[in-house]
Amino acid sequence: MSKKPVRVAVTGAAGQIGYALLFRIASGEMLGKDQPVILQLLEIPDEKAQNALKGVIMELEDCAFPLLAGIEAHSDPMTAFKDTDYALLVGARPRGPGMERADLLAANAQIFTAQGKALNAVASRNVKVLVVGNPANTNAYIAMKSAPDLPAKNFTAMLRLDHNRAASQLAAKANFAVGDIKHLTVWGNHSPTMYADYRFATVDGKSVKDMINDQVWNKDVFLPTVGKRGAAIIAARGLSSAASAANAAIDHMRDWALGSNGEWVTMGVPSNGEYGIPAGIVFGFPVTTANGEYKIVEGLEIDAFSQECIDKTLAELQGEQDGVKHLL
Ligand SMILES: NC(=O)c1ccc[n+]([C@@H]2O[C@H](COP(=O)([O-])OP(=O)(O)OC[C@H]3O[C@@H](n4cnc5c(N)ncnc54)[C@H](O)[C@@H]3O)[C@@H](O)[C@H]2O)c1
Ligand SMILES: O=C(O)C[C@H](O)C(=O)O
């Protein structure tokens, strides 16, 4: 018997990440090749954006995806999130000319309080939320705080792009197949302060740290390369990463929904106090996933250099989250 369709809401659906994301969700790459989906697409109530969304929907129809059980276009989160099982919050206000970080935080605080409230009011009580729109961790925190009737643990931020970028850099450096790396993680904020940590990573049971054995490369090449990869892509493409971001969103949601088979993946999730991160801060952690739940990997040793990196990214996040407190 075929499965009942699930509802997947995507905001910013006519944007560049949306364009790289929707077709893959509709083809079953996110939730499985046997799982029908209904797409609930949200764009701003602006003629140009709504027209662009219509065009994307025409293309989705023209793919004749067997798993696509319905497509809806919305301009209001209160209708877009109705009964939704999965919500990918991609649409966000980009930084404009002359805009300070605080202005960006405030503009996004409005979007993510409204969307958090709408999820709280109308989404499935088990909705799984992934925030992609930047600043992703703080936007997830805002949405979570605005949805007090939903489990806080269901609000997550995307660190998977950083995780995948780190895996790829390590594979190139130590000459192994990128798919073979295990036990890699990225701590903290989706920003240049994130701390990609390969101290526990292995390939075929061998330590990646031992294979590389170069702390200067770690500090001066690897961490800045991964941390500033988004900016490097903007400089090269004239546009921010979209296909790789969409791919990371698919990886994040697929692993959360279908399980990581014991493997570590990185998710930005609200802390319960693990590793000294204050409760409620949405922080990148190593997690394993099974049966639709994630579990933070606990008990890892944090050496002095790692602690310094974790403290730095935490301080940045606390600054962001303090900056929006009065708006929540
Ligand atoms: N977490 C990550 O790893 C990561 C990676 C890449 C990009 N991003 C971020 O993802 C976001 C989207 O990137 P993009 O390249 O698709 O941008 P884009 O500008 O191409 O598209 C964003 C879309 O969101 C829409 N939008 C804006 N506010 C909205 C709202 N309140 N409700 C619904 N839709 C809204 C816009 O109309 C636009 O169509 C940006 O904030 C970007 O910085 C995050
Ligand atoms: O860096 C950016 O502004 C875009 C995105 O967050 C990225 O990491 O590619």
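Quick caveat: nothing in here was measured; it's all calculated off a predicted structure.

> Explain the confidence of the model for the chain to me, please; I cannot follow it from the model alone.
Low pLDDT means the predicted coordinates in that region are not meant to be read closely. Per-residue confidence for the chain averages 96 on the pLDDT scale, and 99% of its residues sit at or above 70. Interface confidence for the predicted complex, given as ipTM, is 0.99, next to a pTM of 0.98.

> Mind showing me how you'd approach the site of ligand 1 here?
The environment of ligand 1 is formed by 23 residues, the closest being Q16, I17, E43, V132 and N134. Take V132: an N or O atom from its main chain is 3.2 Å from a nitrogen atom of ligand 1. The side chain of H190 places a nitrogen or oxygen atom 3.2 Å from an oxygen atom of ligand 1. If ligand 1 stood free it would expose 870 Å²; the protein chains cover 81% of that surface. Taken together, the elements giving at least two residues each to the shell around ligand 1 come down to α1 (16–26) and α4 (101–122). Considering only residue class, the shell around ligand 1 consists of 12 nonpolar, 10 polar and 1 charged.

> Would you mind showing me how to read the site of ligand 2 here?
Residues in contact with ligand 2, as listed here, are N134, R165, H190, G230, I234 and S241. Within the contact set of ligand 2, an oxygen atom lies 2.8 Å away from a side-chain nitrogen or oxygen of N134. One nitrogen or oxygen atom from the side chain of R165 is found 2.7 Å from an oxygen atom belonging to ligand 2. For ligand 2, the protein covers 73% of the area, taking 260 Å² as the surface of the free molecule. Residue composition of the shell around ligand 2, grouped by class: 1 nonpolar, 4 polar and 1 charged.

About the cut-offs
Positions within a chain are numbered from 1, following the residues in the order the chain's sequence is written. Whichever chain is written first becomes A and whichever ligand is written first becomes 1, with later ones labelled in order. Given that the model is predicted, a residue must reach a pLDDT of at least 70 before its local features are reported, and side-chain atom pairs must reach 80 or more before they are shown or counted; all residues, however, enter totals for whole chains, interfaces and linings. Side-chain measures were taken over the full set of non-hydrogen atoms in the model, leaving aside hydrogen atoms and water. What pLDDT reports is the predictor's confidence in each residue, on a scale of 0 through 100. Working definition: residue near molecule or strand if any one of its non-hydrogen atoms lies within 4 Å of it. Any N or O atom pair separated by 3.5 Å or less is treated as a polar contact, with the protein-specific requirement of one donor-capable and one acceptor-capable atom, and with residues adjacent in sequence counted only for side-chain atom pairs. Here the open area of atoms and residues is found with the Shrake-Rupley method and a 1.4 Å probe, where only the protein chains shown may cover a residue. Secondary structure follows DSSP: runs of H or I at least 4 residues long count as helices, runs of E at least 2 residues long count as strands, and numbering of each begins at the N terminus. The residue classification treats Ala, Val, Leu, Ile, Met, Phe, Trp, Tyr, Cys and Pro as nonpolar and Asp, Glu, Lys and Arg as charged. All others, Gly included, are polar.

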